[in-house]
Amino acid sequence: MDYIHRTEELVQPILDRYGFELYDIEMLTESGQKVLRVYIDKEGGVTSDDTADVCRELSARIDEEKNFITESYTLEVSSPGITRALKKPAHFSGNIGKDVEFKLFAPVTYEEKGKKLSAKEFVGILKDYDEESDRVTIGFDDNEMVFNRKDISSIRLWIDF
């Protein structure tokens, strides 16, 4: 069963009523336990009361469904946080100009100050996202690098504290 799609169908009317945005949904296994995690957002951020209200209503909606999730799982409703992961085209497009931390599946070789270097973890500025080619442009000081999104294992907003 497509847990993600069905969860989206169940949670969207709840979010519409509260004026929240659905940021992402994940179904993963953590410490041997299935976790259905729903990330919600709104202008100014969500509160713990917001996540509790959505969790309570979504849990009731899921419980009404027959044969939706038959195995044991934990439902979590959360904010994506200030260092939120970028996964969808809208996440990339909406964060142009912001600092990002990203990891590649494999290291790339690049030149800096006349030296050849190799790395797979970077911090830079999200300069551009081309949805058609699914390519991400990241700026570093005076140069830019372009990556296919499929080569990026994770990318999230970066906050330098």
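Worth saying up front: this structure is predicted, and the values here are computed from it rather than measured.

1. Brief notes about helix α2 (residues 48-64)
Line of reasoning, step 1. With 17 residues, α2 should reach 24 Å at 1.5 Å per residue; the first-to-last C-alpha distance of 24 Å fits that figure.
Line of reasoning, step 2. Looking only at α2, the buried set comprises Asp50, Thr51, Val54, Leu58 and Ile62. Looking down the long axis of α2, one finds its buried residues gathered within 85° of arc, a one-sided arrangement. The exposed set on the far side of α2, more than 90 degrees from its buried face, consists of Ser48, Asp49, Arg56, Asp63 and Glu64.

2. Here's the deal with a nonpolar patch on the surface
Line of reasoning, step 1. On the surface, a cluster of nonpolar side chains totalling about 370 Å² of accessible area is made up of Ile82, Ile159 and Phe161.
Line of reasoning, step 2. Checked against the element boundaries, Ile82 lands in the loop between β3 (73-78) and α3 (89-93).
Line of reasoning, step 3. With relative accessibility at 55%, the residue Ile82 sits in the exposed group.

3. Digging into the side chain of Thr137
Line of reasoning, step 1. Following the sequence through the fold, Thr137 ends up in strand β6 (residues 135-140).
Line of reasoning, step 2. Judged by its relative accessible area of 11%, Thr137 falls in the buried class.
Line of reasoning, step 3. If sequence neighbours within four positions are ignored, Thr137 has contacts with Ile125, Leu126, Lys127, Asp128, Glu144, Met145 and Val146.

4. Some points on the environment of Val77
Line of reasoning, step 1. Secondary-structure assignment places Val77 in strand β3.
Line of reasoning, step 2. Residue classification places Val77 among the buried residues on the basis of a relative accessible area of 12%.
Line of reasoning, step 3. Separated by 40 residues in the primary sequence, Val77 and Arg37 have C-alpha atoms spaced 5.8 Å apart.
Line of reasoning, step 4. Contact partners of Val77, with chain neighbours within four places excluded, come to Val38, Ile40, Thr51, Val54 and Cys55.

5. Comments concerning the pattern of salt bridges
Line of reasoning, step 1. A complete count under the given rule lists 14 salt bridges for this structure.
Line of reasoning, step 2. Of the charged contacts, one joins Arg37 and Glu30 as a salt bridge, the two residues approaching to 3.1 Å between their closest N and O atoms.
Line of reasoning, step 3. The residue Asp50 makes a salt bridge to Lys42 at a minimum N-O spacing of 3.0 Å.
Line of reasoning, step 4. Sharing partners across several salt bridges, the network here consists of Asp24, Glu26, Glu30, Arg37, Glu76 and Lys87.

6. Notes on the sheet that holds strand β4 (residues 99-112)
Line of reasoning, step 1. Pairing is antiparallel across the open sheet formed by five strands, whose spatial order is β7-β6-β5-β4-β8. Across the chains shown, the open sheet's two edge strands, defined by having one partner strand only, are β7 (143-148) and β8 (152-157). Strand-to-strand, the axes of this sheet are offset by a mean angle of 45°, without reference to chain direction.

7. Side note on the sheet that holds β3
Across a sheet, paired strands are connected by hydrogen bonds in the backbone, their directions being either parallel or antiparallel.
Line of reasoning, step 1. The strand order across the open sheet built from three strands is β1-β2-β3, with neighbouring strands paired in mixed fashion. Bordering the open sheet on either side are β1 (21-30) and β3, each of which pairs with just one other strand. Taken over all neighbouring pairs, the strand axes of this sheet differ in orientation by 15° on average, direction set aside.
Line of reasoning, step 2. Both β1 and strand β2 (residues 33-41) contribute to a ladder of nine bridges, which runs antiparallel. When the bridges of β2 are listed, Ile25 appears paired with Val38.
Line of reasoning, step 3. Along the sheet, α2 makes contact with β2 and β3, crossing β3 at roughly 145°.

8. Things to note about the environment of Phe122
Line of reasoning, step 1. Tracing the backbone shows Phe122 in strand β5 (residues 115-130).
Line of reasoning, step 2. In this structure Phe122 comes out as buried when scored by relative accessible area, which is 9%.
Line of reasoning, step 3. Distance from Phe122 to Thr70, taken between C-alpha atoms, is 41 Å for residues 52 residues apart in sequence.
Line of reasoning, step 4. Excluding anything up to four places from it in sequence, Phe122 contacts Val100, Glu101, Phe102, Leu104, Val108, Tyr110 and Phe140.

Criteria and cut-off values
- Residues numbered from 1 in each chain as written.
- Predicted model: local features only at pLDDT ≥ 70, side-chain atom pairs only at ≥ 80, totals over all residues.
- Heavy atoms only, no water.
- Helix = DSSP H or I, 4+ residues; strand = E, 2+ residues; numbered from the N terminus.
- Expected span 1.5 Å × (residues − 1).
- Buried < 20%, exposed > 50% of the residue type's maximum accessible area, 1.4 Å probe, protein only.
- Arc of directions from axis to C-beta.
- Patch = residues over 30% accessible without salt bridge, like charges linked within 9 Å, V, L, I, M, F, W, Y side chains within 5 Å.
- Areas by Shrake-Rupley, 256 points an atom, 1.4 Å probe, with all protein chains shown as cover.
- Salt bridge = Lys/Arg side-chain N within 4 Å of Asp/Glu carboxyl O.
- Contact = heavy atoms within 4.5 Å.
- Pairing = 2+ DSSP bridges.
- Axes fitted to C-alpha atoms, helices over the stretch in contact; angles between N-to-C directions.

Nothing here speaks to function; it is all geometry.
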